[in-house]
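An overview of the molecular structure
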Amino acid sequence: MKQIKIADGIHMLSMNVEDMLFEGIWELANGVTLNSYIVKGEKTAIIDGVIGWDGVPETLYKSLGEIDVNPEEIDYLIVNHMEPDHSGWIENFKKINDNFTIICTDKAAKLINSFYGDGEKIKVVKEGDTLDLGKGKKLSFHPVPNVHWPDTMYTYESDTKTLFSCDMYGAFGRMEEHYFDDEMTTEEVDFFENEGIRYFSNVMGTFAPMVKRAIKKSKEFDINIIAPGHGPVYRQNPEKIIDDYTRFCKYSAGYGKKEITILWGSMYGMTAKAVEFVEKVLEREGIKVNKLEMPLESESEMIATVFKSAGLIIAAPTYEYKMFPPVAAAIEELGRKKVINKAAFRFGSYGWSGGAERELKDIIEKSKMKWDFVETVEFEGSPNEEDLNKVESGVLKLLEKIEEKIV
Ligand SMILES: Cc1cc2nc3c(=O)[nH]c(=O)nc-3n(C[C@H](O)[C@H](O)[C@H](O)COP(=O)(O)O)c2cc1C
Ligand SMILES: [Fe+2]
Ligand SMILES: [Fe+2]
(Lines give C-alpha, C1' and ligand atoms only; values in the text may rest on other atoms or scores of the structure.)
(Ligands and ions follow the chains in the order given, each with its own letter.)
Protein backbone atom coordinates (compact mmCIF):
# COMPACT_ATOMS: atom_id res chain seq x y z
CA MET A 1 0.00 0.00 0.00
CA LYS A 2 1.31 3.43 -0.97
CA GLN A 3 0.49 6.70 0.76
CA ILE A 4 0.39 9.82 -1.41
CA LYS A 5 -0.25 13.42 -0.37
CA ILE A 6 -3.14 14.93 -2.32
CA ALA A 7 -3.29 18.32 -0.62
CA ASP A 8 -2.54 19.77 2.82
CA GLY A 9 -4.27 17.49 5.29
CA ILE A 10 -5.43 14.99 2.65
CA HIS A 11 -3.69 11.73 1.79
CA MET A 12 -4.53 8.84 -0.47
CA LEU A 13 -3.71 5.27 0.53
CA SER A 14 -3.70 3.09 -2.56
CA MET A 15 -3.24 -0.64 -2.95
CA ASN A 16 -2.96 -2.69 -6.12
CA VAL A 17 -5.12 -5.77 -6.36
CA GLU A 18 -4.46 -8.52 -8.91
CA ASP A 19 -5.03 -12.25 -9.04
CA MET A 20 -8.69 -11.99 -8.24
CA LEU A 21 -11.93 -11.85 -10.14
CA PHE A 22 -13.47 -8.44 -9.44
CA GLU A 23 -17.01 -8.94 -8.15
CA GLY A 24 -16.18 -12.64 -8.46
CA ILE A 25 -16.55 -12.40 -12.28
CA TRP A 26 -14.23 -9.94 -14.00
CA GLU A 27 -10.73 -10.97 -14.89
CA LEU A 28 -8.39 -8.12 -13.97
CA ALA A 29 -5.99 -8.33 -16.89
CA ASN A 30 -4.09 -5.29 -15.56
CA GLY A 31 -5.14 -5.23 -11.92
CA VAL A 32 -7.08 -2.53 -10.12
CA THR A 33 -6.38 -0.13 -7.27
CA LEU A 34 -8.42 0.37 -4.14
CA ASN A 35 -8.00 3.97 -3.00
CA SER A 36 -8.79 5.18 0.46
CA TYR A 37 -8.52 8.80 1.61
CA ILE A 38 -7.61 10.39 4.93
CA VAL A 39 -8.77 13.93 5.69
CA LYS A 40 -7.21 15.50 8.74
CA GLY A 41 -8.52 18.57 10.53
CA GLU A 42 -8.76 18.62 14.31
CA LYS A 43 -10.73 15.44 13.79
CA THR A 44 -9.69 12.71 11.38
CA ALA A 45 -11.87 11.03 8.80
CA ILE A 46 -11.18 8.13 6.47
CA ILE A 47 -13.19 8.18 3.26
CA ASP A 48 -13.75 4.75 1.69
CA GLY A 49 -11.82 1.94 3.25
CA VAL A 50 -10.38 -1.11 1.59
CA ILE A 51 -11.18 -4.77 1.13
CA GLY A 52 -11.16 -7.04 4.17
CA TRP A 53 -8.50 -9.53 3.15
CA ASP A 54 -6.08 -11.13 5.53
CA GLY A 55 -3.31 -8.70 6.28
CA VAL A 56 -5.00 -5.79 4.52
CA PRO A 57 -6.11 -3.71 7.51
CA GLU A 58 -2.66 -4.18 9.03
CA THR A 59 -0.97 -2.73 5.91
CA LEU A 60 -3.50 0.07 6.01
CA TYR A 61 -2.66 0.77 9.66
CA LYS A 62 1.05 0.80 8.80
CA SER A 63 0.46 3.34 6.03
CA LEU A 64 -1.63 5.43 8.39
CA GLY A 65 1.29 5.41 10.84
CA GLU A 66 3.54 6.77 8.09
CA ILE A 67 1.32 9.83 7.80
CA ASP A 68 1.05 10.25 11.57
CA VAL A 69 -2.47 8.94 11.88
CA ASN A 70 -3.15 6.53 14.68
CA PRO A 71 -5.99 4.27 13.47
CA GLU A 72 -7.21 3.99 17.03
CA GLU A 73 -7.89 7.72 16.96
CA ILE A 74 -9.85 7.93 13.70
CA ASP A 75 -13.08 9.76 14.46
CA TYR A 76 -15.13 9.21 11.31
CA LEU A 77 -15.50 6.53 8.68
CA ILE A 78 -17.15 8.03 5.64
CA VAL A 79 -18.77 5.17 3.73
CA ASN A 80 -19.50 6.54 0.27
CA HIS A 81 -20.49 3.04 -0.85
CA MET A 82 -20.90 -0.08 1.23
CA GLU A 83 -19.65 -2.62 -1.33
CA PRO A 84 -17.04 -4.71 0.48
CA ASP A 85 -14.19 -3.62 -1.85
CA HIS A 86 -14.40 -0.35 0.12
CA SER A 87 -15.81 -1.46 3.45
CA GLY A 88 -14.53 -5.01 4.06
CA TRP A 89 -11.97 -3.84 6.60
CA ILE A 90 -14.61 -2.43 9.01
CA GLU A 91 -14.92 -5.68 10.96
CA ASN A 92 -11.23 -5.71 11.69
CA PHE A 93 -11.17 -1.97 12.40
CA LYS A 94 -13.82 -2.40 15.10
CA LYS A 95 -11.36 -4.58 17.00
CA ILE A 96 -8.88 -1.73 17.44
CA ASN A 97 -11.18 1.30 17.60
CA ASP A 98 -14.47 1.32 19.47
CA ASN A 99 -15.14 5.01 19.28
CA PHE A 100 -15.69 6.00 15.69
CA THR A 101 -18.79 7.22 13.87
CA ILE A 102 -19.81 5.95 10.46
CA ILE A 103 -21.20 8.60 8.13
CA CYS A 104 -23.35 7.26 5.30
CA THR A 105 -26.72 7.41 3.55
CA ASP A 106 -29.80 5.72 5.03
CA LYS A 107 -29.51 2.93 2.46
CA ALA A 108 -25.88 2.29 3.38
CA ALA A 109 -26.79 2.23 7.08
CA LYS A 110 -29.17 -0.64 6.44
CA LEU A 111 -26.51 -2.51 4.48
CA ILE A 112 -23.85 -1.94 7.15
CA ASN A 113 -26.17 -3.46 9.74
CA SER A 114 -26.97 -6.47 7.60
CA PHE A 115 -23.38 -7.09 6.49
CA TYR A 116 -21.45 -6.28 9.65
CA GLY A 117 -24.04 -6.52 12.40
CA ASP A 118 -25.87 -3.92 14.46
CA GLY A 119 -24.17 -1.85 17.06
CA GLU A 120 -22.21 0.60 14.92
CA LYS A 121 -22.41 4.27 15.72
CA ILE A 122 -23.95 5.52 12.49
CA LYS A 123 -24.85 9.05 11.48
CA VAL A 124 -27.13 9.05 8.47
CA VAL A 125 -26.64 11.99 6.11
CA LYS A 126 -28.82 13.54 3.43
CA GLU A 127 -28.12 15.77 0.45
CA GLY A 128 -26.05 18.76 1.49
CA ASP A 129 -25.37 17.72 5.10
CA THR A 130 -21.96 18.83 6.32
CA LEU A 131 -19.29 17.73 8.76
CA ASP A 132 -16.72 20.21 10.04
CA LEU A 133 -13.44 18.44 10.87
CA GLY A 134 -11.77 21.66 12.02
CA LYS A 135 -8.69 23.43 10.60
CA GLY A 136 -10.76 24.47 7.60
CA LYS A 137 -11.60 20.96 6.48
CA LYS A 138 -15.30 20.77 5.84
CA LEU A 139 -17.01 17.83 4.21
CA SER A 140 -20.42 17.72 2.57
CA PHE A 141 -22.39 14.69 1.42
CA HIS A 142 -24.35 14.17 -1.78
CA PRO A 143 -26.20 10.92 -2.57
CA VAL A 144 -25.81 9.56 -6.11
CA PRO A 145 -28.10 6.52 -5.87
CA ASN A 146 -27.42 3.44 -7.99
CA VAL A 147 -23.93 4.39 -8.93
CA HIS A 148 -23.23 1.39 -8.48
CA TRP A 149 -25.40 0.38 -5.49
CA PRO A 150 -28.44 2.25 -4.13
CA ASP A 151 -26.43 3.53 -1.16
CA THR A 152 -23.77 5.54 -2.96
CA MET A 153 -22.88 9.17 -2.26
CA TYR A 154 -20.21 11.71 -3.13
CA THR A 155 -18.20 13.41 -0.42
CA TYR A 156 -16.95 16.91 -1.21
CA GLU A 157 -14.26 18.79 0.70
CA SER A 158 -14.74 22.52 0.25
CA ASP A 159 -11.32 23.80 1.42
CA THR A 160 -9.39 21.93 -1.30
CA LYS A 161 -12.40 21.56 -3.64
CA THR A 162 -11.92 17.81 -3.76
CA LEU A 163 -14.66 15.46 -4.90
CA PHE A 164 -14.31 11.98 -3.41
CA SER A 165 -16.32 10.13 -6.03
CA CYS A 166 -15.86 6.47 -4.99
CA ASP A 167 -16.88 4.16 -7.90
CA MET A 168 -17.77 7.15 -10.12
CA TYR A 169 -14.87 8.27 -12.30
CA GLY A 170 -12.99 5.09 -11.45
CA ALA A 171 -10.87 2.85 -13.68
CA PHE A 172 -9.28 -0.57 -13.56
CA GLY A 173 -5.50 -0.75 -13.96
CA ARG A 174 -2.73 -0.91 -11.39
CA MET A 175 -0.74 2.20 -10.47
CA GLU A 176 3.00 1.86 -9.87
CA GLU A 177 4.61 5.28 -9.61
CA HIS A 178 2.19 7.74 -11.12
CA TYR A 179 -1.03 8.48 -9.29
CA PHE A 180 -2.03 11.88 -10.71
CA ASP A 181 -3.21 12.80 -14.20
CA ASP A 182 -0.41 15.35 -14.61
CA GLU A 183 2.27 12.71 -13.92
CA MET A 184 1.04 10.33 -16.60
CA THR A 185 2.86 9.69 -19.87
CA THR A 186 0.78 9.58 -23.07
CA GLU A 187 0.90 5.77 -22.89
CA GLU A 188 -0.41 5.85 -19.33
CA VAL A 189 -3.21 8.22 -20.29
CA ASP A 190 -4.23 5.76 -23.04
CA PHE A 191 -3.85 2.83 -20.66
CA PHE A 192 -6.19 4.37 -18.10
CA GLU A 193 -8.68 5.40 -20.74
CA ASN A 194 -8.87 1.77 -21.87
CA GLU A 195 -8.99 0.52 -18.30
CA GLY A 196 -11.71 3.10 -17.66
CA ILE A 197 -13.72 1.65 -20.54
CA ARG A 198 -13.21 -1.86 -19.20
CA TYR A 199 -14.24 -0.80 -15.69
CA PHE A 200 -17.24 1.22 -16.85
CA SER A 201 -18.54 -1.49 -19.19
CA ASN A 202 -17.96 -4.33 -16.71
CA VAL A 203 -19.07 -2.68 -13.49
CA MET A 204 -21.11 0.46 -14.21
CA GLY A 205 -22.65 -0.20 -17.63
CA THR A 206 -25.97 -1.46 -16.30
CA PHE A 207 -26.35 1.81 -14.39
CA ALA A 208 -25.48 4.21 -17.24
CA PRO A 209 -28.66 6.33 -16.78
CA MET A 210 -27.79 6.88 -13.11
CA VAL A 211 -24.16 7.57 -14.01
CA LYS A 212 -25.43 10.29 -16.35
CA ARG A 213 -27.31 11.85 -13.44
CA ALA A 214 -24.20 11.63 -11.28
CA ILE A 215 -22.16 13.38 -14.00
CA LYS A 216 -24.69 16.20 -13.98
CA LYS A 217 -24.47 16.42 -10.21
CA SER A 218 -20.67 16.59 -10.22
CA LYS A 219 -20.90 19.59 -12.55
CA GLU A 220 -22.64 21.51 -9.74
CA PHE A 221 -19.43 21.54 -7.69
CA ASP A 222 -16.44 23.79 -8.02
CA ILE A 223 -13.85 21.02 -8.50
CA ASN A 224 -10.06 21.17 -8.30
CA ILE A 225 -9.50 17.48 -7.67
CA ILE A 226 -11.44 14.31 -8.43
CA ALA A 227 -10.33 11.50 -6.12
CA PRO A 228 -12.02 8.18 -7.04
CA GLY A 229 -12.04 4.86 -5.22
CA HIS A 230 -10.29 3.11 -8.14
CA GLY A 231 -7.64 4.50 -10.48
CA PRO A 232 -5.86 7.84 -10.92
CA VAL A 233 -6.54 11.14 -9.17
CA TYR A 234 -7.36 14.05 -11.50
CA ARG A 235 -5.98 17.38 -10.32
CA GLN A 236 -4.65 18.99 -13.51
CA ASN A 237 -7.72 18.40 -15.60
CA PRO A 238 -10.70 16.87 -13.76
CA GLU A 239 -12.81 17.72 -16.82
CA LYS A 240 -11.01 14.94 -18.72
CA ILE A 241 -12.54 12.12 -16.68
CA ILE A 242 -15.94 13.84 -16.66
CA ASP A 243 -15.78 14.04 -20.48
CA ASP A 244 -14.60 10.42 -20.72
CA TYR A 245 -17.50 9.23 -18.57
CA THR A 246 -19.92 11.30 -20.66
CA ARG A 247 -18.59 9.51 -23.76
CA PHE A 248 -18.75 6.11 -22.05
CA CYS A 249 -22.46 6.72 -21.37
CA LYS A 250 -22.84 7.24 -25.13
CA TYR A 251 -21.06 3.93 -25.82
CA SER A 252 -23.67 2.34 -23.58
CA ALA A 253 -26.41 3.83 -25.75
CA GLY A 254 -25.10 2.48 -29.07
CA TYR A 255 -22.45 4.98 -30.12
CA GLY A 256 -18.78 4.03 -30.31
CA LYS A 257 -15.31 4.41 -31.75
CA LYS A 258 -14.85 3.93 -35.47
CA GLU A 259 -14.17 0.24 -34.96
CA ILE A 260 -15.94 -2.98 -35.88
CA THR A 261 -15.89 -5.85 -33.43
CA ILE A 262 -16.39 -9.36 -34.74
CA LEU A 263 -17.88 -11.51 -32.01
CA TRP A 264 -17.52 -14.99 -33.38
CA GLY A 265 -17.31 -18.72 -32.81
CA SER A 266 -17.03 -21.69 -35.11
CA MET A 267 -17.00 -25.44 -34.48
CA TYR A 268 -15.43 -26.76 -37.68
CA GLY A 269 -14.26 -23.61 -39.42
CA MET A 270 -17.17 -22.97 -41.82
CA THR A 271 -18.28 -19.68 -40.24
CA ALA A 272 -14.58 -18.93 -39.67
CA LYS A 273 -14.03 -18.88 -43.46
CA ALA A 274 -16.46 -15.98 -43.77
CA VAL A 275 -14.84 -14.24 -40.78
CA GLU A 276 -11.46 -14.32 -42.54
CA PHE A 277 -13.08 -12.94 -45.68
CA VAL A 278 -14.75 -10.12 -43.70
CA GLU A 279 -11.46 -9.16 -42.10
CA LYS A 280 -10.00 -8.58 -45.58
CA VAL A 281 -13.02 -6.50 -46.60
CA LEU A 282 -12.69 -4.33 -43.49
CA GLU A 283 -8.95 -3.98 -43.99
CA ARG A 284 -9.61 -2.82 -47.57
CA GLU A 285 -12.13 -0.29 -46.21
CA GLY A 286 -9.57 0.98 -43.68
CA ILE A 287 -11.62 0.13 -40.59
CA LYS A 288 -10.06 -1.01 -37.32
CA VAL A 289 -11.21 -4.55 -36.49
CA ASN A 290 -11.35 -6.29 -33.12
CA LYS A 291 -11.83 -10.05 -33.15
CA LEU A 292 -13.34 -11.82 -30.17
CA GLU A 293 -13.39 -15.58 -30.53
CA MET A 294 -15.78 -17.15 -28.08
CA PRO A 295 -15.41 -18.94 -25.73
CA LEU A 296 -11.69 -18.16 -25.71
CA GLU A 297 -12.05 -14.49 -24.83
CA SER A 298 -12.62 -13.36 -21.23
CA GLU A 299 -16.03 -11.92 -20.49
CA SER A 300 -14.40 -8.73 -19.21
CA GLU A 301 -12.54 -8.15 -22.49
CA MET A 302 -15.55 -9.15 -24.58
CA ILE A 303 -17.87 -6.62 -22.94
CA ALA A 304 -15.33 -3.79 -23.00
CA THR A 305 -14.52 -4.32 -26.69
CA VAL A 306 -18.11 -4.58 -27.90
CA PHE A 307 -19.10 -1.64 -25.68
CA LYS A 308 -16.63 0.82 -27.27
CA SER A 309 -17.26 -0.23 -30.91
CA ALA A 310 -19.69 1.60 -33.19
CA GLY A 311 -20.43 -1.58 -35.17
CA LEU A 312 -20.72 -5.28 -34.41
CA ILE A 313 -20.52 -8.39 -36.50
CA ILE A 314 -21.95 -11.53 -34.95
CA ALA A 315 -20.55 -14.59 -36.71
CA ALA A 316 -22.03 -17.76 -35.27
CA PRO A 317 -23.36 -21.07 -36.61
CA THR A 318 -26.37 -23.09 -35.59
CA TYR A 319 -25.89 -25.56 -32.77
CA GLU A 320 -28.68 -27.90 -31.67
CA TYR A 321 -31.37 -25.73 -33.30
CA LYS A 322 -30.06 -22.62 -31.56
CA MET A 323 -27.07 -20.30 -31.74
CA PHE A 324 -23.55 -21.55 -30.98
CA PRO A 325 -23.80 -21.30 -27.16
CA PRO A 326 -20.68 -19.27 -26.30
CA VAL A 327 -21.75 -16.49 -28.68
CA ALA A 328 -25.35 -16.64 -27.43
CA ALA A 329 -24.08 -16.39 -23.84
CA ALA A 330 -21.94 -13.37 -24.76
CA ILE A 331 -24.92 -11.57 -26.29
CA GLU A 332 -27.03 -12.35 -23.23
CA GLU A 333 -24.30 -10.88 -21.04
CA LEU A 334 -24.26 -7.73 -23.22
CA GLY A 335 -28.02 -7.50 -22.67
CA ARG A 336 -27.54 -7.72 -18.93
CA LYS A 337 -25.04 -4.86 -19.19
CA LYS A 338 -27.60 -2.89 -21.22
CA VAL A 339 -25.41 -2.41 -24.28
CA ILE A 340 -28.23 -1.11 -26.44
CA ASN A 341 -28.86 0.38 -29.90
CA LYS A 342 -25.71 -1.05 -31.49
CA ALA A 343 -25.52 -1.33 -35.28
CA ALA A 344 -24.98 -5.02 -36.07
CA PHE A 345 -24.77 -7.65 -38.79
CA ARG A 346 -24.91 -11.41 -38.37
CA PHE A 347 -23.87 -14.26 -40.58
CA GLY A 348 -23.26 -17.95 -39.91
CA SER A 349 -23.26 -21.49 -41.21
CA TYR A 350 -25.86 -24.19 -40.60
CA GLY A 351 -26.28 -27.85 -41.58
CA TRP A 352 -29.96 -28.69 -42.06
CA SER A 353 -32.48 -26.63 -40.08
CA GLY A 354 -30.85 -23.41 -38.92
CA GLY A 355 -32.10 -21.91 -35.66
CA ALA A 356 -29.29 -19.55 -34.61
CA GLU A 357 -31.07 -16.54 -36.05
CA ARG A 358 -34.27 -17.18 -34.15
CA GLU A 359 -32.41 -17.43 -30.88
CA LEU A 360 -30.51 -14.22 -31.62
CA LYS A 361 -33.75 -12.37 -32.22
CA ASP A 362 -35.18 -13.84 -28.99
CA ILE A 363 -32.23 -12.66 -26.92
CA ILE A 364 -32.27 -9.17 -28.43
CA GLU A 365 -36.01 -8.94 -27.86
CA LYS A 366 -35.96 -10.36 -24.33
CA SER A 367 -33.22 -7.99 -23.17
CA LYS A 368 -34.74 -4.99 -24.99
CA MET A 369 -31.40 -4.35 -26.68
CA LYS A 370 -32.83 -2.65 -29.78
CA TRP A 371 -29.82 -3.50 -31.94
CA ASP A 372 -30.17 -2.17 -35.47
CA PHE A 373 -29.44 -5.15 -37.73
CA VAL A 374 -28.43 -5.34 -41.37
CA GLU A 375 -30.16 -8.33 -43.03
CA THR A 376 -28.61 -11.61 -41.87
CA VAL A 377 -26.73 -13.96 -44.21
CA GLU A 378 -26.88 -17.67 -43.51
CA PHE A 379 -25.22 -20.35 -45.60
CA GLU A 380 -25.29 -24.16 -45.70
CA GLY A 381 -21.94 -25.66 -44.76
CA SER A 382 -19.03 -23.87 -46.37
CA PRO A 383 -19.74 -20.35 -47.75
CA ASN A 384 -19.62 -20.24 -51.58
CA GLU A 385 -18.82 -17.21 -53.70
CA GLU A 386 -22.41 -16.02 -53.76
CA ASP A 387 -22.62 -16.30 -49.95
CA LEU A 388 -19.44 -14.29 -49.58
CA ASN A 389 -20.77 -11.61 -51.92
CA LYS A 390 -23.85 -11.33 -49.70
CA VAL A 391 -21.64 -11.16 -46.62
CA GLU A 392 -19.59 -8.40 -48.24
CA SER A 393 -22.64 -6.34 -49.05
CA GLY A 394 -23.88 -6.82 -45.46
CA VAL A 395 -20.57 -5.50 -44.16
CA LEU A 396 -20.74 -2.47 -46.46
CA LYS A 397 -24.28 -1.72 -45.29
CA LEU A 398 -23.08 -1.96 -41.69
CA LEU A 399 -20.33 0.55 -42.43
CA GLU A 400 -22.96 2.97 -43.73
CA LYS A 401 -24.99 2.49 -40.56
CA ILE A 402 -22.12 3.23 -38.20
CA GLU A 403 -21.37 6.60 -39.79
CA GLU A 404 -23.95 8.25 -37.55
CA LYS A 405 -22.86 6.28 -34.47
CA ILE A 406 -19.26 7.38 -34.23
CA VAL A 407 -18.27 9.54 -31.24
C1 LIG B 1 -23.02 -30.31 -32.07
C2 LIG B 1 -23.63 -29.77 -33.33
C3 LIG B 1 -24.96 -29.44 -33.38
C4 LIG B 1 -25.54 -28.94 -34.54
N5 LIG B 1 -26.86 -28.62 -34.57
C6 LIG B 1 -27.42 -28.16 -35.74
C7 LIG B 1 -28.80 -27.86 -35.82
O8 LIG B 1 -29.54 -28.02 -34.86
N9 LIG B 1 -29.30 -27.37 -36.97
C10 LIG B 1 -28.51 -27.16 -38.06
O11 LIG B 1 -29.00 -26.66 -39.08
N12 LIG B 1 -27.20 -27.46 -38.02
C13 LIG B 1 -26.64 -27.96 -36.88
N14 LIG B 1 -25.31 -28.28 -36.85
C15 LIG B 1 -24.52 -28.16 -38.06
C16 LIG B 1 -23.67 -26.91 -38.04
O17 LIG B 1 -24.47 -25.76 -37.94
C18 LIG B 1 -22.86 -26.91 -39.33
O19 LIG B 1 -21.94 -28.00 -39.28
C20 LIG B 1 -22.09 -25.61 -39.57
O21 LIG B 1 -21.40 -25.70 -40.79
C22 LIG B 1 -21.09 -25.36 -38.45
O23 LIG B 1 -20.40 -24.19 -38.73
P24 LIG B 1 -18.98 -23.95 -38.03
O25 LIG B 1 -17.98 -24.90 -38.64
O26 LIG B 1 -18.68 -22.52 -38.32
O27 LIG B 1 -19.19 -24.23 -36.60
C28 LIG B 1 -24.73 -28.80 -35.70
C29 LIG B 1 -23.39 -29.14 -35.62
C30 LIG B 1 -22.82 -29.64 -34.47
C31 LIG B 1 -21.38 -30.00 -34.45
FE1 LIG C 1 -19.06 -0.68 -6.29
FE1 LIG D 1 -15.69 -0.08 -5.94
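Quantities reported herein were computed from a predicted structural model and do not represent experimental measurements. (Residues numbered from 1 in each chain as written. Chains lettered and ligands numbered in written order. Predicted model: local features only at pLDDT ≥ 70, side-chain atom pairs only at ≥ 80, totals over all residues. Heavy atoms only, no water.)

As for the domain arrangement of the chain
- Assigned domains within the chain: domain 1 (2-252) and domain 2 (257-397).
- Summarising the inter-unit geometry, the C-alpha centres of domain 1 and domain 2 are found 38 Å apart.
- In this assembly, 13 residues from domain 1 lie in contact with 16 residues from domain 2.
- The shortest N-O distance in the salt bridge between Glu-193 and Lys-257 comes to 3.5 Å.
- If you list the elements that add at least two residues to the side of domain 1 that touches domain 2, you get β4 (26-27), α5 (186-204) and α7 (238-252).
- In terms of residue class, the side of domain 1 that touches domain 2 is built from five nonpolar, five polar and three charged. (Domains from an automatic or database assignment. Contact = heavy atoms within 4.5 Å. Salt bridge = Lys/Arg side-chain N within 4 Å of Asp/Glu carboxyl O. Helix = DSSP H or I, 4+ residues; strand = E, 2+ residues; numbered from the N terminus. Nonpolar A, V, L, I, M, F, W, Y, C, P; charged D, E, K, R; others polar.)

A short note on the packing of aromatic side chains
- In total, this model carries 21 aromatic pairs according to the counting rule given.
- With centroids separated by 5.3 Å and ring planes inclined at 85 degrees, the aromatic side chains of Phe-172 and Tyr-199 adopt a geometry described as edge-to-face. Here Phe-172 is found in the loop between β13 (162-166) and α5, whereas its partner Tyr-199 is found in helix α5, with 27 residues between them in sequence. Like Phe-172, the residue Tyr-199 is buried in the burial classification.
- On the numbers, 5.6 Å between centres and 45 degrees between planes, the contact of Tyr-245 with Phe-248 is tilted. Of this pair, Tyr-245 and Phe-248 are both found in helix α7, three residues apart, which corresponds to roughly one turn of the helix. The two residues Tyr-245 and Phe-248 agree in class, both being buried.
- Chaining the aromatic ring pairs together yields one cluster made of Tyr-169, Phe-200, Tyr-245, Phe-248, Tyr-251 and Phe-307. (Phe/Tyr/Trp six-rings, centres within 6.5 Å; stacked < 30°, edge-to-face > 60°. Buried < 20%, exposed > 50% of the residue type's maximum accessible area, 1.4 Å probe, protein only.)

Let's talk about the coordination of the iron ion (ligand 2)
- Binding of the iron ion (ligand 2) to the protein goes through His-81 (NE2), Glu-83 (OE), His-148 (ND1) and Asp-167 (OD), at separations of 1.9 to 2.3 Å.
- In this structure, the iron ion (ligand 2) is coordinated by four donor atoms arranged in irregular fashion, with angles at the metal of 84 to 170 degrees.
- When the donor residues of the iron ion (ligand 2) are listed from N- to C-terminus, their spacing reads H-x1-E-x64-H-x18-D.
- Taken as a pair, the iron ion (ligand 2) and the iron ion (ligand 3) lie 3.4 Å from each other and share Asp-167 as a ligand. With Glu-83 in the loop between β7 (76-78) and α2 (84-87) and His-148 in the loop between β11 (137-143) and β12 (153-157), this pair connects stretches of sequence that are 65 residues apart. (Donors = N, O, S within 2.8 Å, 3.2 Å for Na, K, Ca; no water. Tetrahedral: all angles 85-135°; square planar, octahedral: opposite > 155°, others 65-115°.)

Comments concerning the environment of Ser-382
- As for its position among the elements, Ser-382 is in the loop between β21 (372-380) and α12 (385-402).
- Ser-382 sits 254 residues away from Gly-128 along the chain, and the two C-alpha atoms are 64 Å apart.
- Not counting the four nearest positions on each side in its chain, Ser-382 is found in contact with Met-270, Lys-273 and Asp-387.
- A polar atom in the side chain of Ser-382 sits 2.9 Å from the side chain of Lys-273. (Polar contact = N/O pair within 3.5 Å; in protein donor to acceptor, adjacent residues only side chain to side chain.)

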